[in-house]
Amino acid sequence: MTTAPERTAYPPPGMPPADVVRVRDLAVVVGDKPLLVDVDLTVRRGERVGLIGESGSGKSLTALAIMGLLPEELHPSGSVVVTGQGPAGGERVTSVLEAGEPGLAAMRGRDVAMVFQEPMTALNPTMRVGAQVAEIMTIHGTVADRGAAAARAVDLLDKVGLPDPADAARAYPHQLSGGQRQRVVVAMALANDPALLICDEPTTALDVTVQALVLDLIVRGVQARDAGLLFITHDLAVVASVCERVLVMYGGRVVEAGPVLDVFTRPRHRYTRGLIGASDLDLTRPDGGLYTIQGSVPAAGRFPAGCVFRNRCTHATTTCETVPEWDGPGPEDGFACWHPVVHRG
Ligand SMILES: Nc1ncnc2c1ncn2[C@@H]1O[C@H](COP(=O)(O)OP(=O)(O)OP(=O)(O)O)[C@@H](O)[C@H]1O
Ligand code: SF4
Ligand SMILES: [Mg+2]
C-alpha cells in the first residue's frame, strides 16, 4: 500500500480554497410534513466536514439532495450548487435542483462521488469489479481509452490495499469480503478525482478492525486530491479524528455548526450537549454514568413547532415555542437555541 499522494494539490498554494458545494435554504417536504428546513452547508476544497445527529434527523436526505438523487415527490427547494472540474479542465458549476438528468449524470461520479454504508448497493453483482471501476472512468471520459481505464482500475485497487489487485479486478463482488467490497467502492468513488466525496456511514457495516483501514483510505484519498469530504456518521469519535468542522442536525434542521474542537468541547445547543453527553466522547461526567437524551426522535415531519427539540429538552420554556434564531457569525459557525449552554472561562 502506498502513502504517496496520487495527484498534485489543487488549487495551487496561495489560491483560496473554492466551495465545492454550497447548500442554502434547502427544504424538503412530503405532503404537509417538513423533512428538511432551511439547511445551509458549505464544503470547500481540502476541507473535511462531519454531519451528525440521531437517526431520522435528515443527514442522508441532505446528502441525496447534493447528489441530485431526491425523488421529485419530496419537492426540494432552495439552492444546491456544486463546483467541480469541467471536461476541458475549467470549472463546471451545477445548480443541482435545477439541472436536468444529463447535467446530473455528468456531475455524479465525477464532481461528486458518494460512498454508502452497504457496498453492495453501489456494485453490480453480475460484473467484475475491475470492469466496474474502469467503467466509471470511461463513462466520464477521464481516461484515454478502455485499455488505460483497465490499467488504472488495477492501480486504484492496489492503492486501496487489495492484495493481488490484478486478480481482484477479475473477481465478482460476491467473491470479496465486505471490507474488500467497500475498498472497491472507495476506489470507484475516487477514480475520477471528485471535488467532493460524500460518505454516509461508510464503515458501520464493517468489522471494527476493517473500519479503521477503510477510514484511513478515505482520508488519504481526499487529501491526495485536495477534495472536500462530507462525512456522515453516528460516531462522534470518528468525526473528532477525521473532520475539521461539524454540523449537528436534528428534526431536519442544522441546529449547531462550527469547528469540531469548539463544538465538541463547548457545545452551545442543548441537543448537541445531549448528543455529546450520550457518547463515549464525554469525559466530563463526574459519576461516569451514562447520559441519555430523554424521549425519542418523533416520526418524520412530526417535530414540534418552534424549537424542534422542545419536547425532549429539559431547558425548554414558552420562548422555545418560537423557532430559535441562528446565533453566530455565519451558517458555518453558530447555533439555534434560546437558552444555550453557558461555558465559564
Ligand atoms: N422518500 C421519503 N419519503 C418520506 N419520508 C422520507 C423519505 N426519505 C426519508 N424520509 C424520512 O425523512 C427523515 C430523515 O431521513 P434521513 O434518511 O435523512 O435520516 P438520517 O439522519 O440519515 O437517519 P439515519 O441516521 O437513520 O440514517 C426520516 O424520518 C425518514 O423516514
Ligand atoms: S431552544 Fe429551548 S427547547 Fe430548544 S434546545 Fe434550546 S432550550 Fe431547548
Ligand atoms: Mg441516513
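Residues numbered from 1 in each chain as written. Chains lettered and ligands numbered in written order. Predicted model: local features only at pLDDT ≥ 70, side-chain atom pairs only at ≥ 80, totals over all residues. Heavy atoms only, no water.

Let's talk about the site of ligand 2
Working step 1: Neighbouring ligand 2 are 13 residues, the closest being Cys 307, Cys 313, Cys 320, Cys 337 and Trp 338.
Working step 2: Residues belonging to the shell around ligand 2 are distributed by class as follows: eight nonpolar, three polar and two charged. (Near = heavy atom within 4 Å. Nonpolar A, V, L, I, M, F, W, Y, C, P; charged D, E, K, R; others polar.)

Some thoughts on the domain arrangement of the protein chain
Working step 1: Domain boundaries in the protein chain define domain 1 (19-243) and domain 2 (247-335).
Working step 2: Between the C-alpha centres of domain 1 and domain 2 there is a distance of 27 Å.
Working step 3: Taken together, the contacts link 28 residues of domain 1 with 24 residues of domain 2.
Working step 4: Surface buried jointly by domain 1 and domain 2 totals about 2,100 Å² across both partners, of which 63% is contributed by carbon and sulfur atoms. (Domains from an automatic or database assignment. Contact = heavy atoms within 4.5 Å. Buried area = accessible area lost by both parts, 1.4 Å probe.)

Points about the packing of aromatic side chains
Working step 1: Scanning the model with the defined rule gives four aromatic pairs in all.
Working step 2: Where Tyr 250 meets Tyr 271, the ring centres are 4.4 Å apart and the plane angle is 40°; that geometry is what we call tilted. Here Tyr 250, found in strand β9 (residues 245-250), pairs with Tyr 271, found in helix α10 (residues 270-277); they are 21 residues apart in sequence, far enough to count as distant.
Working step 3: You can call Tyr 271 buried: its relative accessible area is 0%.
Working step 4: Seen in terms of ring centroids, Tyr 250 and Phe 303 are 5.3 Å apart; in terms of plane orientation they differ by 85°. Their pairing is edge-to-face. On the criterion of sequence distance, the pair formed by Tyr 250 in strand β9 and Phe 303 in the loop between α10 and β11 (327-330) is long-range, its members being 53 residues apart.
Working step 5: Judged by relative accessible area, which is 15%, Phe 303 ranks as buried. (Phe/Tyr/Trp six-rings, centres within 6.5 Å; stacked < 30°, edge-to-face > 60°. Helix = DSSP H or I, 4+ residues; strand = E, 2+ residues; numbered from the N terminus. Buried < 20%, exposed > 50% of the residue type's maximum accessible area, 1.4 Å probe, protein only.)

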